[in-house]
Amino acid sequence: MNFASDNVVGASRPVLDALIAANEGARASYGNDDETRAVEARLSEIFEREVAVCLVATGTAANALALSAFVPPYGAVLCHANAHVMEDECGAPEFFAGGAKLIGLDGVGAKIAPQTLARALAAYPAPTRQSPPFAVSISQASECGLVYRPAEIAALAEVARGAGLSLHMDGARFANALVALGCSPADMTWKAGIDVLSFGATKNGCLAAEAVIVFDPARAKALPILRKRSGHTLSKGRLLGAQLLGYLGDDHWLANARHANAMAARLADGLRRLPGVRLAWPAEANEVFPVLPLPVAERLRAQGAIFHPWAPTALPEEFVLEAGEGVFRLVASFATREADVELFLARAAEAVSAAA
Ligand SMILES: Cc1ncc(COP(=O)(O)O)c(C=O)c1O
């Protein structure tokens, strides 16, 4: 019953098989191998246009590099105040971008509303006082498990474009958001106005592989240099290429995400039905955020369930958290077993009865 994150499991079989196959023989190094080239071509197919691709091993590196390619050292990035780039990357985006500043905006469910962005830009201090904004970064799915619809992304892109800003998407859970929406990768990104994407794969089946994808390759010229300079160019680049080849083959990545989302939906449905249990935000992708009485959470943990508390900062205004309640996060992955979900729900039902 480990629902701590979608990175607590290893890699899926096709990813491991592709790695083992790519292990044989000598290959060109530094990303000039056949696997990496094939992934670049496959991603251009998937996104229905020629894209520039830069593979890295972590989501933090993908975000930091993506932002550093679009924001100068004296620039700023507007993002949600609870965004991973803001709260969980030890300043990597600022560090990689040579001092660029992140500016946090409010928004229910860790999503930024176009009006909030427009207001922030209208009230923005003069460039000689504050770093001028160069980009907006959004997380898909958001840090509260919510998904931006293509029309919502397009509305944000319109405001960003109007101010001359680029739009970055932290897609650590890109596949989960995509299958939740049932749209195409192109609809969810460049067609809606995304300029640069951190395409996550580690959480959904890879061991450690992510891609920075730039939709106008002319804007990606510095990326390979920035990656090398930051120490994120693998000499055995095939390790990244092979993982992504296995991940993207036969729509394996989409099947993985569908499974994770289905497990989260089952968890959400079961939890919502328990007396005294509510969801802080709807479970739109593969994360569930129940509000639990603290003794219920304690009892579940004592019985071996693993999950984290979550900061209640992006709750809707009308959502009242009672004393003795906490918000928690459960994450389902491609490897989450139905039996674990059912066991957790049964234990939760017992805990709720015991606490009543
Ligand atoms: C929304 C989001 N972005 C980026 C990352 C970064 O991934 P990594 O831990 O591989 O650096 C995570 C990981 O938890 C995440 O949840």
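How each quantity is defined
Residues numbered from 1 in each chain as written. Predicted model: local features only at pLDDT ≥ 70, side-chain atom pairs only at ≥ 80, totals over all residues. Heavy atoms only, no water. Helix = DSSP H or I, 4+ residues; strand = E, 2+ residues; numbered from the N terminus. Rg over C-alpha atoms; globule rule 2.2 N^0.38 Å. Buried < 20%, exposed > 50% of the residue type's maximum accessible area, 1.4 Å probe, protein only. Contact = heavy atoms within 4.5 Å. Areas by Shrake-Rupley, 256 points an atom, 1.4 Å probe, with all protein chains shown as cover. Lys, Arg positive; Asp, Glu negative; His and termini not counted. Charge placed at Lys NZ, Arg CZ, Asp CG, Glu CD. Salt bridge = Lys/Arg side-chain N within 4 Å of Asp/Glu carboxyl O. 1 Å grid on protein atoms, 1.4 Å probe; cavity = no way out; pocket = protein on both sides within 12 Å on 5 of 7 lines; lining within 4 Å. Points joined across faces, edges and corners; volume = space filled by probe spheres on them. Nonpolar A, V, L, I, M, F, W, Y, C, P; charged D, E, K, R; others polar. Domains from an automatic or database assignment. Near = heavy atom within 4 Å. Polar contact = N/O pair within 3.5 Å; in protein donor to acceptor, adjacent residues only side chain to side chain. Sits in = over half its atoms within 2 Å of the grid points. Pairing = 2+ DSSP bridges. Axes fitted to C-alpha atoms, helices over the stretch in contact; angles between N-to-C directions.

(A) Focus on the overall build of the protein. Of the regular secondary structure elements, the protein holds 14 helices and twelve strands. Against the compact-globule benchmark of 21 Å for 356 residues, the protein has a radius of gyration of 21 Å, which places it among compact chains. If one aligns the C-alpha atoms of the protein with their principal axes, the spans along those axes are about 60 × 55 × 30 Å. In the protein, which comprises 356 residues, the share counted as buried stands at 54%. A separation threshold of at least 6 residues defines the contact pool for the protein, and within that pool the share at least 24 residues apart is 78%. Here the protein displays about 14700 Å² of accessible surface, and carbon together with sulfur accounts for 55% of that area. Separation of charge centres in the protein, based on 31 positive and 37 negative side chains, amounts to 3 Å.

(B) Seen up close, the pattern of salt bridges. Applying the stated criterion to the full structure yields 19 salt bridges. Where Arg 42 meets Glu 45, a salt bridge forms, and the shortest distance between an N and an O atom there is 2.9 Å. Placement of both Arg 42 and Glu 45 in helix 2 (residues 34-46) is noted, with a separation of three residues, approximately one turn of the helix. Residue Glu 45 is classed as exposed on the basis of its relative accessible area, which comes to 54%. One salt bridge in this structure joins Arg 278 and Glu 325, with 2.4 Å as the shortest N-O distance.

(C) A look at the layout of surface pockets. Each pocket or cavity is described by its volume, and for the largest pocket that value is around 420 Å³. Here the lining of the largest pocket is built from residues that sort into six nonpolar, ten polar and nine charged. Mapping the lining of the largest pocket onto the domain boundaries places at least three of its residues in each of domain 1 (13-252) and domain 2 (254-355). Together, 18 residues line the second largest pocket, and Glu 40, Val 53, Cys 54, Leu 55 and Arg 227 are the ones closest to its centre. At four residues, strand 1 (residues 52-56) tops the list of elements feeding residues into the lining of the second largest pocket. Its residues placed into classes, the lining of the second largest pocket shows ten nonpolar, five polar and three charged.

(D) Structural detail: the site of the ligand. Within the structure, the ligand sits among Thr 58, Gly 59, Thr 60, Asn 63, His 84, Glu 89, Glu 143, Asp 170, Ala 172, Arg 173 and Lys 203. In the environment of the ligand, an oxygen atom lies 3.4 Å from a nitrogen or oxygen atom belonging to the side chain of His 84. In the model, a nitrogen atom of the ligand is placed 2.6 Å from a nitrogen or oxygen of the Asp 170 side chain. Notes on the ligand: free accessible area 400 Å², of which the protein chains cover 80%. A majority-of-atoms criterion places the ligand in the largest pocket. With three residues, helix 3 (residues 59-70) is the largest single contributor of residues to the shell around the ligand. Residues belonging to the shell around the ligand are distributed by class as follows: one nonpolar, five polar and five charged.

(E) Spatial organisation of the sheet that holds strand 4 (residues 133-139). Ordered by their spatial adjacency, seven strands build an open sheet running 1-7-6-5-4-2-3, and the pairing between neighbours is mixed. Strand pairing shows two members of the sheet lacking a second neighbour, strand 1 and strand 3 (101-105), which therefore form its edges. Within the sheet, the average angular offset between the axes of one strand and its neighbour, ignoring direction, is 20°. By the bridge criterion, five bridges tie strand 6 (residues 196-200) to strand 7 (residues 210-214) in an arrangement that is antiparallel. Across the sheet, Ser 198 pairs through a bridge with Val 212, a residue of strand 7.

(F) Main features of unusual backbone geometry. Of the consecutive residues Gln 140 and Ala 141, the connecting peptide bond is found in the cis state with omega at 0°. Within the secondary structure layout, Ala 141 lies in the loop between strand 4 and helix 7 (150-162). Unlike most non-glycine residues, Glu 48 shows phi in positive territory, near 60°. Relative to the elements of secondary structure, Glu 48 occurs in the loop between helix 2 and strand 1. Glu 48 gets classed as partly exposed once you look at its relative accessible area, which sits at 46%. Phi is positive for Asp 250, close to 50°, though the residue is something other than glycine. The residue Asp 250 is located in the loop between helix 11 (238-248) and helix 12 (252-272) in this model. Taking the relative accessible area as the measure of exposure, Asp 250 reaches 81% and is therefore exposed.

Geometric descriptors of this kind do not, in isolation, establish any biological role.
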